[in-house]
Amino acid sequence: MFRLVPRCKGRCISKVFSLLQPRSPLFSTAINSLQVTSLGVGNENRGIDFDVLFQSCTKLHLVKHLHALLVVSGKIQSIFIATKLVNRYANLGDVSFSRYTFDHISNKNVYTWNSMVSAYVHSGRFQEAIDCFYQFLLTSGLLPDFYTFPPVLKACRNLFDGKNIHCLVLKLGFEWDVFVAASLLHMYCRFGLAGVARKLFDDMPFRDRGSWNAMISGYCQSGNAAEALDVLHEMRLEGVNMDPVTIASILPVCAQLDDTVSGMLIHLYAIKHGLEFDLFVSNNLINMYSKFGIPGHALRVFDKMIVRDIVSWNSIISAYEQNNDPIHAYGFFNEMQRFGVQPDSLTLVSLASIVAQLNDHQSSKSVHGFIMRRGWLMEDVVIGNAVVDMYAKLGVLGSACAVFEGLPVKDVISWNTMITGYAQNGHASEAIEVYQTMEECTEIIPNQGTWVSILPAYSHVGALRQGMKIHGQVIKDRLYLDVFVGTCLVDMYGKCGRLDDAMSLFYQMPRRNSVPWNAIISCHGVHGNGDKALKLFREMLDEGVKPDHITFVSLLSACSHSGLVNEGQRCFHMMQEECGIKPHLKHYGCMVDLFGRAGQLEKAYNFIINMPIRPDSSVWGALLGACRKHGNIELGVYASDRLFELDSKNVGYYVLMSNMYANVGKWKGVEKVRSLARDRGLKKTPGWSTIEVNNKIEVFYTGNQTHPKCEEIYNELRILTARMKTLGYVPDYSFVLQDVEDDEKEHILLSHSERLAIAYAIISTPPKSPIRIFKNLRVCGDCHNATKFISRITEREIIVRDSNRFHHFKDGICSCGDYW
């Protein structure tokens, strides 16, 4: 470290500089000049131009050489020079040397203190900036000036400090200085007190463009997008023109409000006033058009840019990635590299999403490796979350979990990503376990994304009580009117069999876009209420809400489950002709299912043959399911051959084909299909059913013998079966898919998972209370028939949700009308 010394004699200076051996030619010239001057040989007026030296110090080691030169020359005694050195160290990122230099300045002035506070703020050390400010007040005997307050207000990380500093501003009479006032606006908006900020703004005697920008930016920071746009209109009415800062601040507001008209008008203003080529304006225009879902407009802005930085490239890549066009997004990433622009961590966040959308497993490892080599995974939780999300979307949950566990810091988004990953890959129980572990982390506060992540998992397993608990928390957090959270709640109640509650919640929430409508239409579809689904669709159109492709998937599925063939055909025609929506494979699959369930197998086959795009496994799978239901083995074999070509690893198709042979007693065909599945290493998914009793989810597998109440359950089933037979029940052995004796077949039917769950509910819940069962596979015909008898005998409503739809059994009748 350096020590301040008085001016040295020429000989001492020569010795010092011979040791320093600076690397810069400019330093060498300066040193020679100083040596000559000190020895009295040169011109008396010849000296060192320290301003030039300060400008040449672009590296930290050069500043240290300059520091040494200032010490030995005695120039460090100048408060102006010393403060300039404080600023230079701070600008190069070494605030510790700034502080060291600052501490050795004997007679500090206000400018010196302001510089030190600003140095801390510039380096992100906000608490040290506040401490330095308080030290200034308590020890210097000086008063702050209007340059002091903007950086120190920016450093405030709690409202208590902010209010104290505001009081000092008022005491010193700086409240109407435009820079100080703008900083106060930002500070209060940062703490969510936009109302306080607005009062300060309204009371300002003079408002320059910076003040207007501060208020607009403040509203943006606090999430008050509509108010930000109102301030912009006031600004324009007062004749204050927008500058690049104004435009860059307001464009994200237009995107947030989905206000395409205002966004385009501001773009037009930028063109008219020659601001469209400003780098920050262009970058924000790209982001705005991306949020509007118009990547083509974003590309036009990008193509016209004269100067592009890494933000520009990240923005255009993100524009296509976020609008589900990974191929073009990946193309821009390659183009960026051809231009020699090195990717940063945000580029890799987009690239991880692109790889997931492309289902590119090989590239996912390359992306992960690239991130690891740069150490970003350990430094930036955002990029860690992106890698977890990438693996989860690729279905590689082992890798997703490993990355998640290895993150040094996990924020709420990390947990949400892991929960969503499990839920979307069909692992609802694991998603719930992750959520329960998250609850134990007291420093993690659940947010909107948490509820949107966990509610589908509760829906999947039918955990109604846990879902209702989340509903209570949502009300407490005042998020019940959030369209995404509200939609998940509607979906949860609908899929847990509480359709009335789903409808009640649906009519309480905003319905300005298609998201909640799609959810409630889908809920009615899985309950077999096709007519109600169509009625809701007409209401949606009457309210001016534009349907999307998901709307028609829900509608066509509802028509299929209800046997509304003609109505489904009309919807399919309307989607294309009136709404201009090009059918996806899911729409074609729904149409095949619609015809197939109704027994119109030839029509379903012809529909597939005439498809303008190549049918995928879901389309052929719908046909195979219909062939199994209606016993058309010849067409079923044809469909299964196509399926095995497209998706030979899906065990469900082998099970469907095997069951179709078993239904007609062709046991050789059964063995052939099962042998083929075994040779390919495939195992049948075990059937299970869940029921929630006393706030606990009980899981029953077919043939389960391990439950603590196993003996009571089977005894209850035997009693029920005997009573059912007196009412006319006859076991349907065609649903036993093994070639065994009739006694064994009856026992197999008796031990199906849904019957075990129903018997357990009967012995564990009050008489006549409803029973809700959730099953991972389709309910078999014999269990469907038996459950009708059980509902009549026990006088209970039994609600069963299988893999396709809901069945409401009451008084010996099922809501599906035996059409499923």
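Parameters at a glance
Residues numbered from 1 in each chain as written. Predicted model: local features only at pLDDT ≥ 70, side-chain atom pairs only at ≥ 80, totals over all residues. Heavy atoms only, no water. Helix = DSSP H or I, 4+ residues; strand = E, 2+ residues; numbered from the N terminus. Buried < 20%, exposed > 50% of the residue type's maximum accessible area, 1.4 Å probe, protein only. Axes fitted to C-alpha atoms, helices over the stretch in contact; angles between N-to-C directions. Parallel < 35°, antiparallel > 145°, perpendicular 65-115°, else oblique. Left-handed = near helix turned anticlockwise from the far one by under 90°. Contact = heavy atoms within 4.5 Å. Nonpolar A, V, L, I, M, F, W, Y, C, P; charged D, E, K, R; others polar. Salt bridge = Lys/Arg side-chain N within 4 Å of Asp/Glu carboxyl O. Expected span 1.5 Å × (residues − 1). Polar contact = N/O pair within 3.5 Å; in protein donor to acceptor, adjacent residues only side chain to side chain. Core = buried A, V, L, I, M, F, W, Y, C linked by side-chain atoms within 4.5 Å. Phe/Tyr/Trp six-rings, centres within 6.5 Å; stacked < 30°, edge-to-face > 60°. Lys NZ or Arg CZ within 6 Å of the ring centre and 35° of its normal.

Where an unreviewed UniProt entry is consulted, the chain appears under the name DYW domain-containing protein, with the organism given as Acer negundo.

**Regarding the environment of Val-515**
Within the element layout of this structure, Val-515 appears in helix α32 (residues 514-526). Here Val-515 falls in the partly exposed class, since its relative accessible area comes to 30%. Here the alpha-carbon distance between Val-515 and Ile-550, two residues 35 residues apart in the chain, equals 8.7 Å.

**Details of the packing of helix α31 (residues 499-506) against α32**
The contact between α31 and α32 brings their axes to 11 Å, and the two run at 165°. Considering the angle they form, α31 stands roughly antiparallel to α32. With respect to the hand of their crossing, α31 and α32 are arranged in left-handed fashion. Of α32, the residues touching α31 (which contributes Leu-499, Ala-502, Met-503 and Phe-506) are Pro-516, Trp-517, Ile-520, Cys-523 and His-524. In terms of residue class, the contact of α31 with α32 is built from 8 nonpolar, 1 polar and no charged.

**Notes on the pattern of salt bridges**
Taken as a whole and assessed by the stated rule, the structure comprises 21 salt bridges. A salt bridge links Asp-491 to Lys-495; the shortest N-O distance between them is 3.3 Å. With Asp-491 and Lys-495 both in helix α30 (residues 483-495) and 4 residues apart, the pair spans about one turn of that helix. Residue classification places Asp-491 among the buried positions, given a relative accessible area of 16%. Judged by relative accessible area, which is 28%, Lys-495 ranks as partly exposed. Two residues, Arg-511 and Glu-543, come together in a salt bridge whose shortest N-O distance is 3.6 Å. You can see Arg-511 sitting in the loop between α31 and α32 and its partner Glu-543 sitting in the loop between α33 (530-542) and α34 (549-562), a full 32 residues away along the chain.

**Details of helix α11 (residues 178-190)**
If you check α11, its first and last C-alpha atoms are 18 Å apart, about what 13 residues at 1.5 Å a residue would give, namely 18 Å. Within α11, 10 of the 13 residues are buried, which leaves the element mostly enclosed by the surrounding structure. Regarding α11, the residues found buried are Val-178, Val-180, Ala-181, Ala-182, Ser-183, Leu-184, Leu-185, Met-187, Tyr-188 and Cys-189. Of the surrounding elements, those touching the buried residues of α11 are α9 (149-155), α10 (159-172), α12 (194-203) and α13 (209-221). Backbone nitrogen of Phe-179 and a side-chain oxygen of the N-cap are separated by 3.0 Å at the start of α11; the cap is Asp-177. Where α11 terminates, the next one or two residues include Gly-192, which has phi positive at roughly 80°.

**Quick look at the nonpolar core**
Formed by 215 residues in total, the largest nonpolar core has its most connected members in Phe-149, Ile-165, Ile-247, Ile-316, Met-390, Ile-454 and Leu-623. Of all the elements, α11 adds the most residues to this core, at 8 residues. Among all residues touching Leu-623, those that are not within four sequence positions of it are Val-592, Leu-601, Ala-604, Tyr-605, Ile-608, Leu-635 and Ala-639. Ranked by size, the runner-up nonpolar core spans 33 residues in total, among them Ile-713, Tyr-714, Ile-790 and Cys-816.

**Some remarks on the side chain of His-166**
Assignment of secondary structure puts His-166 in helix α10. Of the residues examined, His-166 reaches a relative accessible area of 10% and is grouped as buried. Those residues within four positions of His-166 in sequence are excluded, and the remaining contacts are Leu-184, Tyr-188 and Leu-200.

**Thoughts on the environment of His-104**
Mapped onto the elements, His-104 comes out in the loop between α6 (95-103) and α7 (110-122). Placed 600 residues apart in sequence, His-104 and Asn-704 show a C-alpha to C-alpha distance of 80 Å. Separated by 2.9 Å, the side chain of His-104 and the backbone oxygen of Tyr-100 make a polar contact.

**With respect to helix α35 (residues 565-577)**
Taking 1.5 Å of rise per residue, the 13 residues of α35 would be expected to cover 18 Å, and the 18 Å separating its terminal C-alpha atoms lies within 8% of that figure. Turning to α35, its buried residues number three or more, namely Val-565, Gly-568, Cys-571, Phe-572, Met-574 and Met-575. In this structure, the buried residues of α35 make contact with α33, α34, α36 (585-597) and α37 (601-609).

**Considering the packing of aromatic side chains**
The tally for this structure, following the rule as stated, stands at 30 aromatic pairs. Consider the rings of Phe-537 and Phe-552, whose centres lie 5.6 Å apart with planes at 65°: the pair is edge-to-face. One end of the pair, Phe-537, is in helix α33; the other, Phe-552, is in helix α34, with 15 residues separating them in the sequence. You'll find Phe-537 and Phe-552 in the same group, each marked buried. Their ring planes at 70° and their centres at 5.9 Å tell us that Tyr-729 and Phe-789 sit as a pair that is edge-to-face. Of this pair, Tyr-729 sits in the loop between α42 (710-726) and α43 (742-750) while Phe-789 sits in helix α45 (residues 781-794); the two residues are 60 residues apart in sequence, bridging distant segments of the chain. When its relative accessible area of 13% is taken as the criterion, Phe-789 is described as buried. Across the ring face of Phe-370, the terminal group of Arg-374 is positioned such that the distance to the ring centre comes to 3.6 Å. If you follow Arg-642 out to its NZ or CZ, it ends over the ring of Tyr-638, 4.5 Å from the centre.

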